[in-house]
Amino acid sequence: MAKENSKNTEVSEKEAKKKELIFFLSSSEEKESFLSKQNMKLLSDPLNDDNPITVQVLGICSALAITVQLQAAIVMSLAVMVVMAFSNMIISLMRNLIPSRIRIIVQLVVVAALVILVDQVLKAYAYDVSKQLSVFVGLIITNCIVMGRLEAFALGNGVYKSFLDGIGNAAGYGLILIIVAFFRELLGSGKLFGFEVLGHKGATLAESTGLYAFGYENNGLMLLAPMALIIVGIIIWVQRSRNRKLIEEA
């Protein structure tokens, strides 16, 4: 009888695992709704008090490199979102099959495959933006945010939660990129998406329009990489002034 009971439990465990793989939900996830508070926090927290750039201080390099123009920042944000969402899903699906010794290699292979697909799509449908982003799309493979969420979350949670976590962290990352790019392009060149929004700068004040007619000059420093760090620093200061819990104790 004991042997039969043990066999029955083993069969039920296998069936549960199969069910989990089919419906993308673990047993604990089946008990909560798709739009529960816990699931919504996976989307909302990275946008505010658990932002991957301003709180976790990850992904700073791309924030410096590709935020000169708003268009490039938005495309980079979408590329990271696609890679993070699907890599989290794939690793979560395979989490019970990946040997712990080679988990980092498996994660890199999955992320690299997705990055190649995204890069090829960009080259096919947005070639000019792809040229602006240059090697930085390929460097998504080594982005600390992507690998960090795979290691810290996707390996221990169900597919749906992992998908939400990927979307949320990519959105938080993209939000900072877009804010930085907005101010850098606007104040550095007087444009947004390549369109003149502060007016036209002519050879003389008489030929100029908008703010340029009053003697306004573009701030060339905003186009340099160090200004991205300064803007991120200002965002961090504002965030911590609003939420004192984020201030680290000395």
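Summary of the structure given here. Everything numeric here is computed off the predicted structure, so don't read it as measured data.

## Things to note about the side chain of D165
Part 1 of the argument: Here D165 shows up in helix 9 (residues 159-189).
Part 2 of the argument: The exposure class of D165 is buried, given its relative accessible area of 2%.
Part 3 of the argument: Apart from residues no more than four positions distant in its own chain, D165 is found in contact with L42, N88, R149 and F153.

## A word on helix 8 (residues 144-152)
Part 1 of the argument: When helix 8 is considered as a whole, its buried residues turn out to be I145, V146, M147, R149 and L150.
Part 2 of the argument: Buried-residue contacts for helix 8 involve helix 5 (70-93), helix 6 (103-125) and helix 9.

## A word on a nonpolar patch on the surface
Part 1 of the argument: On the surface, I230, I234, W237 and V238 cluster together to form a nonpolar patch covering roughly 410 Å² of accessible area.
Part 2 of the argument: The partly exposed category is assigned to I234, whose relative accessible area is 46%.

## Let's talk about the pattern of salt bridges
Part 1 of the argument: Per the stated rule, a full pass over the model turns up three salt bridges.
Part 2 of the argument: Ionic pairing is found between R103 and E151, a salt bridge with its closest N-O pair at 2.6 Å. With a gap of 48 residues between them, R103 in helix 6 and E151 in helix 8 connect regions that are remote in the sequence.
Part 3 of the argument: Its relative accessible area of 28% is what places R103 among the partly exposed residues.
Part 4 of the argument: You can call E151 partly exposed: its relative accessible area is 29%.
Part 5 of the argument: Between R149 and D165 there is a salt bridge whose closest N-O contact spans 2.9 Å.

## Some details on the environment of S130
Part 1 of the argument: Turning to its location among the elements, S130 is positioned in helix 7 (residues 127-133).
Part 2 of the argument: For S130, a relative accessible area of 6% puts it in the buried group.
Part 3 of the argument: When the C-alpha atoms of S130 and V75 are compared, they prove to be 8.8 Å apart, with 55 residues separating the residues in sequence.

## Focus: the nonpolar core
Part 1 of the argument: Of all hydrophobic cores here, the largest spans 46 residues; its most connected members are V83, L133, I140 and L177.
Part 2 of the argument: The biggest single contributor to this core is helix 5, with 10 residues.
Part 3 of the argument: In contact with L133, not counting residues within four places along its chain, are I66, A72, V75, M76 and L122.

## Focus on the packing of helix 3 (residues 37-44) against helix 9
Part 1 of the argument: Packing of helix 3 against helix 9 leaves a shortest axis separation of 7 Å and a crossing angle of 30 degrees. Compared by their axis directions, helix 3 and helix 9 come out roughly parallel. Residue-level inspection shows Q38, N39, L42 and L43 of helix 3 in contact with helix 9, the latter providing Y160, K161, L164, D165, I167 and G168.
Part 2 of the argument: Across the contact of helix 3 with helix 9, the residue classes tally to five nonpolar, three polar and two charged.

Parameters at a glance
- Residues numbered from 1 in each chain as written.
- Predicted model: local features only at pLDDT ≥ 70, side-chain atom pairs only at ≥ 80, totals over all residues.
- Heavy atoms only, no water.
- Helix = DSSP H or I, 4+ residues; strand = E, 2+ residues; numbered from the N terminus.
- Buried < 20%, exposed > 50% of the residue type's maximum accessible area, 1.4 Å probe, protein only.
- Contact = heavy atoms within 4.5 Å.
- Patch = residues over 30% accessible without salt bridge, like charges linked within 9 Å, V, L, I, M, F, W, Y side chains within 5 Å.
- Areas by Shrake-Rupley, 256 points an atom, 1.4 Å probe, with all protein chains shown as cover.
- Salt bridge = Lys/Arg side-chain N within 4 Å of Asp/Glu carboxyl O.
- Core = buried A, V, L, I, M, F, W, Y, C linked by side-chain atoms within 4.5 Å.
- Axes fitted to C-alpha atoms, helices over the stretch in contact; angles between N-to-C directions.
- Parallel < 35°, antiparallel > 145°, perpendicular 65-115°, else oblique.
- Nonpolar A, V, L, I, M, F, W, Y, C, P; charged D, E, K, R; others polar.

Treat this as a map of the structure, not an account of what it does.
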